[in-house]
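# Structure at a glance
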Amino acid sequence: MPELADPWALLLVPLPLLAARLLPPMRAGGGALAVPERVGLALIAAARTGKIAARLSLRQVLLWGIWLLLVVAIAGPRSVTPVPALRVSGRDLAVVLDLSGSMVRDDFFLDGQPATRLDAVKRVGAAFVRRRAGDRVALVVFGSEAYYAAAFSHDVEAVAQRIEAAEIGISGRATNIPDGLGLALKRLQRSEAASKVVILLSDGSSNAGATEPAGVARMARDMGVTVHTIALGPKDAADASPSDQGVVDAKALRVLAEITGGENFRVRTTEDLVAVGEALDRLEATEGDGLSAEVFRELWVWPAGMALVLSLGLAWRET
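The structure presented is a predicted model; accordingly, all values stated were derived computationally and were not measured. (Residues numbered from 1 in each chain as written. Predicted model: local features only at pLDDT ≥ 70, side-chain atom pairs only at ≥ 80, totals over all residues. Heavy atoms only, no water.)

A few words now on the overall build of the chain. The helix and strand inventory of the chain stands at 10 helices and 13 strands. Relative to its 319 residues, the chain shows a buried fraction of 38%. Restricting the contact set of the chain to residue pairs at least 6 apart, pairs at least 24 apart contribute 80%. Accessible area for the chain stands at about 18800 Å²; split by element, carbon and sulfur atoms hold 60% of it. (Helix = DSSP H or I, 4+ residues; strand = E, 2+ residues; numbered from the N terminus. Buried < 20%, exposed > 50% of the residue type's maximum accessible area, 1.4 Å probe, protein only. Contact = heavy atoms within 4.5 Å. Areas by Shrake-Rupley, 256 points an atom, 1.4 Å probe, with all protein chains shown as cover.)

The structure is reproduced here in structure tokens:
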């Protein structure tokens, strides 16, 4: 519905009338017109008795139209379009993604075709992040080293795109779970959110870093951070033979989650990974609506444009 940004500007409408009444009259220049005495006396008498009626000339109509349109433009007409409120939870959520060399194994399927573990995680992880509207989401990637790939932001689309662009090798090929989790905690240490959550996804056993993963998990618990872990891979270290490759230490990841009061998920197939995303949506459900926003479409250009057209018409008429 249209409205005025500054309705008080409409008080300027009678300004020309006030100026005409309060300001001294402008002295006319040039010579006087000599008329017969009888004609002059008749004109004076007619003016005094009101026999000459005041009429608005076309020029006065145009001037008033221009003035009114300019005042309306100054008042700032605009239309208001409400924007639906984002879901807001007051939650900071860090996704900690394993980019070690084993993530290149193609023991998953996407759309019936063989796919690497990383490809599966990209698709499901990006979709999960896009559903986090209202949360502040960050991305940490780790291999031999841990890196902050995306700062905490409400722009979940940007974080999802970072997940889709992740590549093996940028952080080394080992699996340094303590550094990945520790970097996420370092960023969450300054967070004032009501709820702080880490989603840790790994497909291997921690084989790098100077700190034990359980020690970092206890630090997370003391900070009030909940860690959910996802163990990704078809074979567990507990029941695999020494010759098996690409096994995941599901027990260690489960312990990390239990220390912080989080949940542990075991993923062996792409369907399991999709189900985990849905389960996390339920665990970390967005809580309510935030404040709605309003978008203003400025309309002052229309009365201003009409005033310009009338001004050009007046100038053309007087020339």
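On to the packing of aromatic side chains. In the structure shown here, the tally under the stated rule is zero aromatic pairs. The ring of tyrosine 148 is capped by arginine 187, whose NZ or CZ atom sits 4.0 Å from the centre of that ring. (Phe/Tyr/Trp six-rings, centres within 6.5 Å; stacked < 30°, edge-to-face > 60°. Lys NZ or Arg CZ within 6 Å of the ring centre and 35° of its normal.)

It is worth spelling out helix H5 (residues 156-164) at this point. Taken together, the buried positions of H5 are Val156, Val159, Ala160 and Ile163. The buried residues of H5 all sit within an arc of 100 degrees when viewed along its axis, so they share a single face. Tucked into the core, H5 has its buried residues touching helix H4 (117-130), strand S7 (136-142) and strand S8 (146-153). (Arc of directions from axis to C-beta.)

Rolled over the atoms, a probe sized like a water molecule indicates the empty space that remains. This structure, assessed with the given rule, holds one cavity of 30 Å³ or more. What the largest cavity holds in volume is close to 170 Å³. Along the walls of the largest cavity sit 15 residues, with Gly125, Phe128, Ile199, Leu201 and Ile230 positioned nearest its centre. Of all the secondary structure elements, the ones that give two or more residues to the lining of the largest cavity are strand S4 (91-98), H4, strand S9 (195-202) and helix H9 (270-283). (1 Å grid on protein atoms, 1.4 Å probe; cavity = no way out; pocket = protein on both sides within 12 Å on 5 of 7 lines; lining within 4 Å. Points joined across faces, edges and corners; volume = space filled by probe spheres on them.)

Bringing the environment of glutamate 145 into the picture now. Mapped onto the elements, glutamate 145 comes out in the loop between S7 and S8. Residue classification places glutamate 145 among the partly exposed residues on the basis of a relative accessible area of 42%. Separated by 29 residues in sequence, glutamate 145 and alanine 174 place their C-alpha atoms 8.2 Å apart.

Once that is clear, we can look at the packing of helix H3 (residues 58-75) against helix H10 (residues 301-318). Their axes nearest at 8 Å, the elements H3 and H10 cross at an angle of 155 degrees. One finds that H3 runs roughly antiparallel with respect to H10. The element H3 and its partner H10 pack so that their crossing is left-handed. Every residue of H10 that contacts H3 at Leu58, Arg59, Leu62, Leu63, Gly65, Ile66, Leu69, Leu70, Val72 and Ala73 is listed here: Pro303, Ala304, Met306, Ala307, Leu310, Ser311, Leu314, Arg317 and Glu318. Of the residues in the contact of H3 with H10, the class split is 14 nonpolar, two polar and three charged. (Axes fitted to C-alpha atoms, helices over the stretch in contact; angles between N-to-C directions. Parallel < 35°, antiparallel > 145°, perpendicular 65-115°, else oblique. Left-handed = near helix turned anticlockwise from the far one by under 90°. Nonpolar A, V, L, I, M, F, W, Y, C, P; charged D, E, K, R; others polar.)

Along the polypeptide, threonine 260 turns up in helix H8 (residues 250-260). Among the polar contacts made by the side chain of threonine 260, one reaches the main-chain amide nitrogen of valine 227 at a distance of 3.0 Å. At 3.2 Å, the side chain of threonine 260 and the backbone oxygen of alanine 257 are in polar contact. (Polar contact = N/O pair within 3.5 Å; in protein donor to acceptor, adjacent residues only side chain to side chain.)

Here the focus is the nonpolar core. Formed by 33 residues in total, the largest nonpolar core has its most connected members in Leu97, Val129, Leu139, Leu201, Ile230, Leu232 and Leu273. Secondary-structure elements contributing two or more residues to this core are S4, H4, S7, H5, S9, strand S10 (225-232), strand S11 (264-267) and H9. In terms of residue count, the dominant contributor to this core is H4 (seven residues). Apart from residues no more than four positions distant in its own chain, leucine 232 is found in contact with Met103, Phe108, Arg117, Val121, Leu201, Ser202, Asp203, Val248, Arg266, Val267 and Leu273. Counting 26 residues, the second-largest nonpolar core is a separate cluster that includes Phe152, Ile177, Ala220 and Val248. (Core = buried A, V, L, I, M, F, W, Y, C linked by side-chain atoms within 4.5 Å.)

What follows deals with the environment of arginine 266. When you line up the elements, arginine 266 lands in strand S11. C-alpha separation for the pair arginine 266 and isoleucine 230, spaced 36 residues apart in sequence, amounts to 6.1 Å. Within the local environment of arginine 266, its side chain forms a polar contact with the backbone oxygen of alanine 231, the two atoms lying 3.2 Å apart.

Take the pattern of salt bridges next. Enumeration over the complete set of coordinates arrives at nine salt bridges. We note a salt bridge from aspartate 135 to arginine 132, for which the minimum N-O separation is 3.2 Å. On the accessibility criterion, aspartate 135 (0% relative accessible area) is buried. On the accessibility criterion, arginine 132 (2% relative accessible area) is buried. In this structure, glutamate 258 engages arginine 254 in a salt bridge whose closest nitrogen and oxygen atoms are separated by 3.9 Å. Here the residue glutamate 258 and the residue arginine 254 both occupy positions in helix H8, the gap between them amounting to four residues, near one helical turn. Look at the salt bridges and you will find they share partners, linking Arg91, Arg132 and Asp135 into a network. (Salt bridge = Lys/Arg side-chain N within 4 Å of Asp/Glu carboxyl O.)

A separate point is the pairing of S8. Here S7 runs beside S8; their pairing, made up of five bridges, is antiparallel. Bridged to valine 141 within S8 is tyrosine 147. Hairpin connection, S7 to S8: the antiparallel pair is bridged by three residues. (Pairing = 2+ DSSP bridges.)

This part is about the sheet that holds S7. One open sheet holds the six strands; their spatial order is S8-S7-S4-S9-S10-S11, and the pairing between them is mixed. Both edges of this open sheet fall to S8 and S11, since each of them pairs with a single strand only. Averaged over neighbouring strand pairs, the angle between their axes works out to 15 degrees when direction is ignored. For S4 and S7, the ladder comprises seven bridges, and the chain directions are parallel. Residue pairing in the sheet places valine 95 in a bridge with leucine 139 of S7. Against the sheet, helix H6 (residues 177-188) contacts S4, S7, S8, S9 and S10, and its axis sits at roughly 30 degrees relative to S8. Sitting on the sheet, H9 is in contact with S9, S10 and S11, with an inclination near 165 degrees to S11.

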